[in-house]
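The residues making up each chain are set out below.
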Amino acid sequence: MALFSGNKGEWAEVYVFFKVIADRRLYTADVDYNPIKDIYLDVLGVLREEEENKIYCYRTGKEVTILLNHQLIGKVPTEKFDYFKDFLWKLIETKTETTFSSQEVEDFLNSIFVYKPKSPGRLITKFSGGTVDIVLETQDRSGIVRTLGFSIKSDLKASATLLNASQDNTNFVYEVLGPMDDDKMNTFNAICTKQIVKGEEKSHVATADRIQYLKDLGCKLQFVNPVKDVTRHNLIMCGGIEMPLIVAGMLKHFYWNNYGGRTTVEECVDALSVEDPVGYGFEDLKALYHSKISNFLYYAFTGLKLGSQWNGKTEVNGGYIVVKRDGDVVAFHSTIADEFKDFLLSKMIMEAPSHSRHGDMSIYKENGKYYLKLALQLRFKLKR
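This text gives an overview of the structure that appears in the document. Sequence order as written defines the numbering, with residues in each chain counted from 1. pLDDT decides what is reported in this predicted model: residues at 70 or higher carry local features, side-chain atom pairs at 80 or more are listed and counted, and totals for whole chains, interfaces and linings draw on all residues regardless. Note: side-chain values were computed over all heavy atoms of the structure, leaving out hydrogens and water.

Some thoughts on the environment of Leu 148
Our working definition: Per the convention used, a helix needs a DSSP run of H or I reaching at least four residues, while a strand needs a run of E reaching at least two, with both numbered from the N terminus.
With respect to the helices and strands, the residue Leu 148 is situated in strand β9 (residues 145-154). It is 25 Å that separates the C-alpha atoms of Leu 148 and Asn 110, two residues lying 38 residues apart in sequence.

As C-alpha coordinates, this is what we get:
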(Lines give C-alpha, C1' and ligand atoms only; values in the text may rest on other atoms or scores of the structure.)
Protein backbone atom coordinates (compact mmCIF):
# COMPACT_ATOMS: atom_id res chain seq x y z
CA MET A 1 0.00 0.00 0.00
CA ALA A 2 1.40 3.39 -0.99
CA LEU A 3 2.59 5.64 1.80
CA PHE A 4 0.72 8.71 0.73
CA SER A 5 -2.63 9.12 -0.97
CA GLY A 6 -3.49 12.71 -1.70
CA ASN A 7 -5.72 14.88 -3.83
CA LYS A 8 -4.31 16.95 -6.67
CA GLY A 9 -3.84 19.99 -4.47
CA GLU A 10 -1.81 17.96 -1.96
CA TRP A 11 0.28 16.39 -4.69
CA ALA A 12 0.87 19.88 -6.09
CA GLU A 13 2.71 20.68 -2.86
CA VAL A 14 5.06 17.74 -3.47
CA TYR A 15 5.43 18.93 -7.06
CA VAL A 16 6.54 22.38 -5.83
CA PHE A 17 9.09 20.71 -3.54
CA PHE A 18 10.58 18.90 -6.55
CA LYS A 19 10.39 21.88 -8.88
CA VAL A 20 12.00 24.56 -6.72
CA ILE A 21 14.91 22.20 -6.00
CA ALA A 22 15.29 21.31 -9.68
CA ASP A 23 14.89 24.87 -11.01
CA ARG A 24 16.76 26.60 -8.16
CA ARG A 25 14.85 29.79 -8.90
CA LEU A 26 11.42 31.13 -8.02
CA TYR A 27 10.03 33.95 -10.11
CA THR A 28 7.75 36.64 -8.79
CA ALA A 29 4.50 36.99 -10.74
CA ASP A 30 2.40 39.93 -11.75
CA VAL A 31 -1.28 39.98 -10.81
CA ASP A 32 -2.11 37.85 -13.88
CA TYR A 33 0.32 35.09 -12.81
CA ASN A 34 2.87 35.95 -15.47
CA PRO A 35 6.46 35.56 -14.22
CA ILE A 36 8.45 38.79 -14.00
CA LYS A 37 11.77 37.68 -15.44
CA ASP A 38 13.93 40.21 -13.62
CA ILE A 39 12.36 39.74 -10.16
CA TYR A 40 13.11 36.39 -8.61
CA LEU A 41 14.53 34.52 -5.64
CA ASP A 42 17.35 32.01 -5.96
CA VAL A 43 16.41 28.91 -3.96
CA LEU A 44 19.40 27.82 -1.90
CA GLY A 45 17.57 25.06 -0.07
CA VAL A 46 14.34 23.63 1.31
CA LEU A 47 13.82 22.99 5.03
CA ARG A 48 11.60 20.22 6.39
CA GLU A 49 10.84 18.96 9.89
CA GLU A 50 8.75 15.80 10.02
CA GLU A 51 9.85 14.97 13.56
CA GLU A 52 10.60 17.44 16.31
CA ASN A 53 14.23 18.61 16.34
CA LYS A 54 15.04 16.71 13.13
CA ILE A 55 15.49 19.42 10.52
CA TYR A 56 16.34 18.26 7.02
CA CYS A 57 17.87 20.74 4.61
CA TYR A 58 17.96 20.04 0.87
CA ARG A 59 20.76 22.24 -0.52
CA THR A 60 20.40 22.97 -4.21
CA GLY A 61 23.16 22.80 -6.80
CA LYS A 62 24.39 20.51 -9.54
CA GLU A 63 23.63 17.83 -6.99
CA VAL A 64 21.33 18.13 -4.02
CA THR A 65 23.05 17.67 -0.67
CA ILE A 66 20.82 16.54 2.19
CA LEU A 67 21.67 17.63 5.72
CA LEU A 68 20.12 16.47 8.97
CA ASN A 69 20.68 19.04 11.71
CA HIS A 70 23.63 20.40 9.67
CA GLN A 71 25.22 16.97 9.18
CA LEU A 72 25.58 15.58 5.65
CA ILE A 73 23.53 12.41 5.20
CA GLY A 74 23.15 12.12 1.44
CA LYS A 75 23.64 13.43 -2.06
CA VAL A 76 21.22 13.12 -4.99
CA PRO A 77 21.69 14.23 -8.61
CA THR A 78 19.52 17.24 -9.34
CA GLU A 79 18.37 15.44 -12.49
CA LYS A 80 16.35 13.06 -10.31
CA PHE A 81 14.31 15.92 -8.90
CA ASP A 82 13.81 17.20 -12.44
CA TYR A 83 12.64 13.74 -13.55
CA PHE A 84 10.18 13.29 -10.71
CA LYS A 85 8.92 16.85 -11.14
CA ASP A 86 7.86 15.99 -14.70
CA PHE A 87 6.67 12.50 -13.75
CA LEU A 88 4.45 13.80 -10.95
CA TRP A 89 3.04 16.62 -13.05
CA LYS A 90 1.89 14.11 -15.67
CA LEU A 91 0.10 12.17 -12.92
CA ILE A 92 -1.57 15.33 -11.66
CA GLU A 93 -2.69 16.22 -15.18
CA THR A 94 -3.99 12.78 -16.15
CA LYS A 95 -5.41 11.23 -12.98
CA THR A 96 -9.19 11.33 -12.78
CA GLU A 97 -9.58 9.95 -9.28
CA THR A 98 -10.27 12.29 -6.36
CA THR A 99 -7.15 10.99 -4.62
CA PHE A 100 -4.32 8.86 -5.93
CA SER A 101 -1.01 7.27 -4.93
CA SER A 102 2.25 6.57 -6.73
CA GLN A 103 4.63 3.85 -5.62
CA GLU A 104 7.42 5.28 -7.80
CA VAL A 105 7.11 8.76 -6.30
CA GLU A 106 6.79 7.23 -2.83
CA ASP A 107 10.02 5.27 -3.26
CA PHE A 108 11.90 8.38 -4.34
CA LEU A 109 10.52 10.39 -1.42
CA ASN A 110 11.60 7.68 1.00
CA SER A 111 15.07 7.62 -0.54
CA ILE A 112 15.48 11.33 0.29
CA PHE A 113 14.12 10.94 3.83
CA VAL A 114 10.61 12.24 3.14
CA TYR A 115 8.07 9.99 4.85
CA LYS A 116 5.29 12.49 5.50
CA PRO A 117 4.75 14.66 2.44
CA LYS A 118 2.40 16.85 4.48
CA SER A 119 5.04 17.50 7.13
CA PRO A 120 3.85 18.74 10.53
CA GLY A 121 4.17 22.40 11.32
CA ARG A 122 6.83 22.40 14.03
CA LEU A 123 9.46 24.27 12.03
CA ILE A 124 6.93 26.35 10.16
CA THR A 125 5.24 27.67 13.28
CA LYS A 126 7.97 30.32 13.13
CA PHE A 127 6.14 31.68 10.09
CA SER A 128 2.68 33.19 10.42
CA GLY A 129 0.07 34.44 8.02
CA GLY A 130 -1.93 31.48 6.82
CA THR A 131 -0.85 27.88 6.51
CA VAL A 132 2.80 27.53 5.53
CA ASP A 133 3.41 24.55 3.24
CA ILE A 134 7.09 24.95 2.40
CA VAL A 135 10.08 26.74 3.95
CA LEU A 136 12.79 27.97 1.60
CA GLU A 137 16.26 29.38 2.07
CA THR A 138 16.50 32.10 -0.56
CA GLN A 139 18.79 34.78 -1.89
CA ASP A 140 17.51 37.86 -3.66
CA ARG A 141 19.21 39.87 -6.39
CA SER A 142 20.99 42.06 -3.84
CA GLY A 143 22.55 39.01 -2.21
CA ILE A 144 20.40 39.04 0.95
CA VAL A 145 19.75 35.52 2.26
CA ARG A 146 16.44 34.87 4.00
CA THR A 147 14.45 31.91 5.26
CA LEU A 148 10.90 32.31 3.99
CA GLY A 149 7.73 30.35 4.67
CA PHE A 150 5.25 30.05 1.79
CA SER A 151 1.72 28.78 1.41
CA ILE A 152 1.12 26.83 -1.78
CA LYS A 153 -2.05 27.56 -3.72
CA SER A 154 -3.22 25.90 -6.87
CA ASP A 155 -5.84 26.06 -9.57
CA LEU A 156 -6.22 22.37 -8.76
CA LYS A 157 -7.93 22.83 -5.39
CA ALA A 158 -10.42 25.11 -3.70
CA SER A 159 -9.26 28.62 -2.95
CA ALA A 160 -8.24 29.40 0.61
CA THR A 161 -9.45 32.03 3.02
CA LEU A 162 -7.26 34.94 4.00
CA LEU A 163 -9.48 35.93 6.92
CA ASN A 164 -11.94 33.47 8.42
CA ALA A 165 -15.13 34.61 10.11
CA SER A 166 -14.87 34.11 13.87
CA GLN A 167 -18.26 34.97 15.39
CA ASP A 168 -18.22 38.38 17.11
CA ASN A 169 -14.48 38.81 16.47
CA THR A 170 -15.38 39.51 12.84
CA ASN A 171 -18.94 40.83 13.22
CA PHE A 172 -19.77 44.50 12.61
CA VAL A 173 -22.87 46.18 14.07
CA TYR A 174 -25.24 48.38 12.06
CA GLU A 175 -28.29 50.21 13.35
CA VAL A 176 -31.43 49.52 11.33
CA LEU A 177 -32.98 52.91 10.59
CA GLY A 178 -36.54 53.37 9.36
CA PRO A 179 -39.91 51.71 9.97
CA MET A 180 -38.72 48.79 12.10
CA ASP A 181 -40.68 47.23 14.96
CA ASP A 182 -40.76 43.91 16.81
CA ASP A 183 -43.13 42.27 14.33
CA LYS A 184 -40.99 43.29 11.36
CA MET A 185 -37.88 42.14 13.21
CA ASN A 186 -39.44 38.71 13.77
CA THR A 187 -40.52 38.54 10.13
CA PHE A 188 -36.99 39.40 8.98
CA ASN A 189 -35.43 36.78 11.23
CA ALA A 190 -37.79 34.11 9.92
CA ILE A 191 -36.92 34.59 6.24
CA CYS A 192 -35.15 31.36 5.28
CA THR A 193 -34.78 28.91 2.47
CA LYS A 194 -35.62 25.23 2.92
CA GLN A 195 -33.36 22.45 1.69
CA ILE A 196 -33.53 18.66 1.98
CA VAL A 197 -30.21 17.29 3.25
CA LYS A 198 -29.92 13.52 3.71
CA GLY A 199 -33.68 13.21 3.96
CA GLU A 200 -34.05 16.01 6.51
CA GLU A 201 -35.37 19.49 5.89
CA LYS A 202 -32.85 22.18 6.79
CA SER A 203 -33.38 25.92 7.07
CA HIS A 204 -30.77 28.37 5.82
CA VAL A 205 -30.67 32.14 6.16
CA ALA A 206 -31.89 33.73 2.94
CA THR A 207 -29.46 36.64 2.82
CA ALA A 208 -30.68 38.30 -0.37
CA ASP A 209 -34.35 37.95 0.61
CA ARG A 210 -33.72 39.45 4.05
CA ILE A 211 -31.87 42.44 2.58
CA GLN A 212 -34.61 42.96 0.01
CA TYR A 213 -37.22 42.88 2.79
CA LEU A 214 -35.43 45.75 4.56
CA LYS A 215 -35.20 47.73 1.34
CA ASP A 216 -38.90 47.19 0.62
CA LEU A 217 -39.71 48.54 4.08
CA GLY A 218 -37.63 51.63 3.38
CA CYS A 219 -35.01 50.81 6.02
CA LYS A 220 -31.35 51.75 5.90
CA LEU A 221 -28.23 50.55 7.69
CA GLN A 222 -25.91 52.84 9.62
CA PHE A 223 -22.59 51.52 10.89
CA VAL A 224 -22.07 51.63 14.66
CA ASN A 225 -18.89 49.71 15.52
CA PRO A 226 -17.27 46.29 15.39
CA VAL A 227 -18.77 44.07 18.09
CA LYS A 228 -15.46 43.59 19.88
CA ASP A 229 -13.26 46.42 21.12
CA VAL A 230 -10.18 44.37 20.22
CA THR A 231 -11.36 44.26 16.60
CA ARG A 232 -11.71 48.04 16.55
CA HIS A 233 -8.29 48.42 18.17
CA ASN A 234 -6.60 46.18 15.62
CA LEU A 235 -8.21 47.88 12.66
CA ILE A 236 -7.19 51.30 13.93
CA MET A 237 -3.68 49.97 14.51
CA CYS A 238 -3.37 48.87 10.89
CA GLY A 239 -5.13 51.75 9.16
CA GLY A 240 -5.96 54.65 11.44
CA ILE A 241 -9.14 55.77 13.18
CA GLU A 242 -11.13 55.46 9.95
CA MET A 243 -10.27 51.81 9.26
CA PRO A 244 -13.34 50.30 11.02
CA LEU A 245 -15.53 52.55 8.86
CA ILE A 246 -13.72 51.44 5.70
CA VAL A 247 -14.16 47.72 6.45
CA ALA A 248 -17.78 48.40 7.40
CA GLY A 249 -18.22 50.11 4.03
CA MET A 250 -16.86 47.01 2.28
CA LEU A 251 -19.34 44.84 4.18
CA LYS A 252 -22.25 47.15 3.41
CA HIS A 253 -21.40 47.10 -0.29
CA PHE A 254 -21.21 43.32 -0.23
CA TYR A 255 -24.40 42.60 1.72
CA TRP A 256 -26.58 45.66 1.06
CA ASN A 257 -25.66 46.65 -2.49
CA ASN A 258 -24.83 43.15 -3.80
CA TYR A 259 -27.14 41.09 -1.56
CA GLY A 260 -24.24 38.91 -0.43
CA GLY A 261 -23.51 37.84 -4.03
CA ARG A 262 -20.07 37.52 -5.58
CA THR A 263 -18.16 40.69 -4.81
CA THR A 264 -14.47 41.28 -5.35
CA VAL A 265 -12.47 43.50 -3.04
CA GLU A 266 -11.54 45.54 -6.11
CA GLU A 267 -15.26 46.27 -6.55
CA CYS A 268 -15.38 47.40 -2.93
CA VAL A 269 -12.53 49.83 -3.61
CA ASP A 270 -14.44 51.24 -6.57
CA ALA A 271 -17.64 51.60 -4.54
CA LEU A 272 -15.94 53.27 -1.57
CA SER A 273 -14.10 55.70 -3.84
CA VAL A 274 -17.51 56.86 -5.10
CA GLU A 275 -19.35 56.83 -1.76
CA ASP A 276 -16.38 58.07 0.32
CA PRO A 277 -17.84 56.85 3.64
CA VAL A 278 -14.91 58.33 5.58
CA GLY A 279 -15.45 61.77 4.05
CA TYR A 280 -11.89 62.31 2.90
CA GLY A 281 -13.01 64.60 0.09
CA PHE A 282 -9.77 64.26 -1.86
CA GLU A 283 -9.43 63.88 -5.62
CA ASP A 284 -7.44 60.64 -5.51
CA LEU A 285 -10.04 58.66 -3.57
CA LYS A 286 -9.54 55.42 -5.47
CA ALA A 287 -5.81 55.40 -4.79
CA LEU A 288 -6.46 56.25 -1.14
CA TYR A 289 -9.02 53.49 -0.53
CA HIS A 290 -6.87 51.07 -2.54
CA SER A 291 -3.93 51.83 -0.25
CA LYS A 292 -5.94 51.49 2.96
CA ILE A 293 -7.57 48.21 1.99
CA SER A 294 -4.46 46.62 0.47
CA ASN A 295 -2.56 47.45 3.67
CA PHE A 296 -5.30 45.78 5.70
CA LEU A 297 -5.08 42.64 3.55
CA TYR A 298 -1.28 42.64 3.86
CA TYR A 299 -1.46 42.86 7.63
CA ALA A 300 -4.11 40.12 7.71
CA PHE A 301 -1.64 37.90 5.86
CA THR A 302 1.37 38.88 7.94
CA GLY A 303 0.02 38.43 11.45
CA LEU A 304 -3.12 40.49 12.12
CA LYS A 305 -5.89 38.47 13.76
CA LEU A 306 -8.98 40.52 14.57
CA GLY A 307 -9.86 38.54 17.68
CA SER A 308 -6.58 38.94 19.57
CA GLN A 309 -4.62 42.06 20.52
CA TRP A 310 -2.20 42.97 17.75
CA ASN A 311 0.98 44.96 18.30
CA GLY A 312 1.21 46.23 14.73
CA LYS A 313 4.19 44.08 13.82
CA THR A 314 4.30 41.76 10.84
CA GLU A 315 5.21 38.16 11.59
CA VAL A 316 5.78 36.64 8.18
CA ASN A 317 8.37 37.14 5.48
CA GLY A 318 7.07 34.67 2.93
CA GLY A 319 4.05 34.70 0.71
CA TYR A 320 2.15 32.51 -1.72
CA ILE A 321 3.45 30.10 -4.32
CA VAL A 322 0.90 29.43 -7.04
CA VAL A 323 0.92 26.33 -9.24
CA LYS A 324 -0.50 27.34 -12.58
CA ARG A 325 -2.51 25.02 -14.78
CA ASP A 326 0.40 24.59 -17.17
CA GLY A 327 2.69 23.43 -14.35
CA ASP A 328 4.57 26.69 -14.05
CA VAL A 329 5.24 27.87 -10.50
CA VAL A 330 5.35 31.54 -9.53
CA ALA A 331 5.40 33.44 -6.26
CA PHE A 332 3.82 36.46 -4.66
CA HIS A 333 5.92 37.29 -1.65
CA SER A 334 5.75 39.84 1.09
CA THR A 335 9.42 40.80 0.80
CA ILE A 336 8.28 42.75 -2.27
CA ALA A 337 5.51 44.40 -0.32
CA ASP A 338 3.87 46.69 -2.89
CA GLU A 339 3.51 43.96 -5.52
CA PHE A 340 2.28 41.54 -2.89
CA LYS A 341 -0.37 44.00 -1.69
CA ASP A 342 -1.59 44.47 -5.27
CA PHE A 343 -1.79 40.69 -5.64
CA LEU A 344 -3.80 40.31 -2.44
CA LEU A 345 -6.28 43.00 -3.42
CA SER A 346 -6.72 41.76 -6.98
CA LYS A 347 -7.28 38.13 -5.92
CA MET A 348 -9.66 38.61 -2.98
CA ILE A 349 -13.42 38.23 -2.76
CA MET A 350 -15.90 38.94 0.01
CA GLU A 351 -17.66 35.87 1.34
CA ALA A 352 -20.68 35.22 3.54
CA PRO A 353 -19.97 32.54 6.15
CA SER A 354 -22.57 30.42 7.93
CA HIS A 355 -24.85 33.01 9.50
CA SER A 356 -26.21 30.62 12.10
CA ARG A 357 -22.69 29.68 13.21
CA HIS A 358 -21.41 33.23 13.43
CA GLY A 359 -24.50 34.94 14.81
CA ASP A 360 -24.98 37.55 12.09
CA MET A 361 -27.75 38.50 9.65
CA SER A 362 -30.42 38.52 12.40
CA ILE A 363 -31.94 41.72 13.78
CA TYR A 364 -31.95 42.21 17.55
CA LYS A 365 -33.35 44.92 19.80
CA GLU A 366 -31.36 46.80 22.41
CA ASN A 367 -32.47 49.86 24.40
CA GLY A 368 -35.37 50.40 22.03
CA LYS A 369 -33.20 50.37 18.90
CA TYR A 370 -32.77 47.66 16.26
CA TYR A 371 -29.41 46.34 15.14
CA LEU A 372 -28.00 43.95 12.56
CA LYS A 373 -24.60 42.25 12.57
CA LEU A 374 -22.71 41.59 9.33
CA ALA A 375 -19.85 39.08 9.23
CA LEU A 376 -16.48 39.58 7.55
CA GLN A 377 -14.77 36.76 5.67
CA LEU A 378 -12.24 37.06 2.83
CA ARG A 379 -11.33 34.35 0.34
CA PHE A 380 -8.83 34.06 -2.51
CA LYS A 381 -10.21 33.76 -6.04
CA LEU A 382 -7.25 31.87 -7.46
CA LYS A 383 -9.17 29.93 -10.08
CA ARG A 384 -8.93 31.42 -13.54
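Still more ground to cover, so stick around.
Things to note about the sheet that holds strand β18 (residues 348-350)
Applicable threshold: When DSSP finds two or more bridges between a pair of strands, those strands are recorded as paired.
What the four strands build is an open sheet, ordered β10-β21-β18-β15; its pairing is antiparallel. Since the sheet does not close on itself, it has two edges, and those belong to β10 (161-163) and β15 (263-264), each with one partner. Sheet topology note: the β10/strand β21 (residues 378-380) ladder contains two bridges and is antiparallel. The partner of Thr 161 across the bridge, within β21, is Arg 379.

As for the pairing of strand β5 (residues 63-68)
Where strand β4 (residues 54-59) and β5 come together, four bridges link them in antiparallel fashion. From the neighbouring strand, Tyr 58 faces β5, where its bridge partner is Ile 66. Linking two consecutive strands that pair antiparallel, namely β4 and β5, is a turn of three residues. One ladder, built from six bridges, connects β5 with strand β6 (residues 71-77); its direction is antiparallel. Residue pairing across strands places Thr 65 opposite Lys 75, the latter belonging to β6.

A short note on the environment of Tyr 280
Where we set the bar: Contacts were defined at the residue level, with two residues in contact if any of their heavy atoms lie within 4.5 Å. Distance and chemistry together define a polar contact, namely a pair of N or O atoms within 3.5 Å, with one atom able to donate a hydrogen and the other to accept it when in protein, and with adjacent residues in sequence counting only for side-chain atoms on both sides.
You can see Tyr 280 is positioned in the loop between α8 (265-275) and α9 (285-301). Between the C-alpha atom of Tyr 280 and that of Ala 12, which follows or precedes it by 268 residues, the distance is 45 Å. With near-sequence residues (within four places) excluded, Tyr 280 lies in contact with Glu 242, Ile 246, Leu 285, Leu 288, Tyr 289 and Lys 292. Among the polar contacts made by the side chain of Tyr 280, one reaches the side chain of Glu 242 at a distance of 2.6 Å.

A few points about the sheet that holds strand β19 (residues 363-366)
Condition: Angles here are taken between N-to-C directions and fall from 0 to 180 degrees, while the axes themselves are lines fitted to C-alpha atoms, restricted in helices to the stretch in contact.
The four strands lie next to each other as β14-β11-β20-β19, forming an open sheet whose pairing is antiparallel. In the strand order of this sheet, the two ends are held by β14 (220-226) and β19, each with one partner. Sheet twist, expressed as the mean angle between neighbouring strand axes with direction ignored, is 40 degrees. Of the strand pairs in this sheet, strand β11 (residues 171-177) and strand β20 (residues 369-375) are connected by five bridges, and their pairing is antiparallel. Note on β20: the bridge partner recorded for Tyr 174 is Leu 372. Across the sheet, helix α4 (residues 182-189) is in contact with β19 and β20; its angle to β19 comes to roughly 150 degrees.

Re the pairing of strand β12 (residues 192-197)
Pairing of β12 with strand β13 (residues 200-205) involves six bridges; the strand directions are antiparallel. Counted as the bridge partner of Cys 192 is Val 205 from β13. As consecutive antiparallel partners, β12 and β13 are separated by two residues, and within that stretch Lys 198 has a phi angle of approximately 50 degrees, a positive value.

Digging into the nonpolar core
Within soluble globular proteins, side chains that are nonpolar generally end up buried alongside one another. The criterion, for reference: Among buried residues, those of type Ala, Val, Leu, Ile, Met, Phe, Trp, Tyr and Cys that are joined through side-chain atoms within 4.5 Å constitute a nonpolar core. Partly exposed residues are those whose accessible area sits between 20% and 50% of the maximum for their type, while under 20% is buried and over 50% is exposed, using a 1.4 Å probe and protein chains only.
Membership of the largest hydrophobic core comes to 64 residues, with the highest contact counts inside it found for Leu 214, Phe 296, Leu 297, Leu 376 and Leu 378. Ranked by residue count, the leading element in this core is helix α7 (residues 243-257), at nine residues. For Leu 297, the contacting residues outside a window of four places in its chain are Leu 162, Val 265, Leu 344, Leu 345, Met 348 and Leu 378.

Structural notes on the packing of aromatic side chains
The condition that has to hold: Stacked, tilted and edge-to-face are the three classes applied to pairs of Phe, Tyr and Trp rings, where Trp contributes its six-membered ring and a pair requires centres within 6.5 Å; stacked means planes under 30 degrees apart, edge-to-face means over 60, and tilted covers the rest. The criterion is that NZ of a Lys, or CZ of an Arg, lies within 6 Å of the ring centre and within 35 degrees of the ring normal, and then a charge sits over that ring.
This model, assessed by the stated rule, comprises 33 aromatic pairs. Ring centres 6.3 Å apart and planes at 80 degrees place the aromatic pair Phe 17 and Phe 81 in the edge-to-face group. Linking Phe 17 in helix α1 (residues 8-23) with Phe 81 in helix α2 (residues 78-94), this pair joins segments that are 64 residues apart in sequence. The burial state of Phe 17 is the same as that of Phe 81; both residues are buried. Considering the side-chain rings of Phe 254 and Tyr 255, the 4.6 Å spacing of their centres and the 55 degrees angle between planes classify their relative orientation as tilted. Neither residue differs from the other here; Phe 254 and Tyr 255 are each classed as buried. Seen from the ring of Tyr 40, Arg 25 lies directly overhead, with NZ or CZ sitting 3.8 Å from the centre.

Keep in mind these numbers describe shape, not what the thing actually does.
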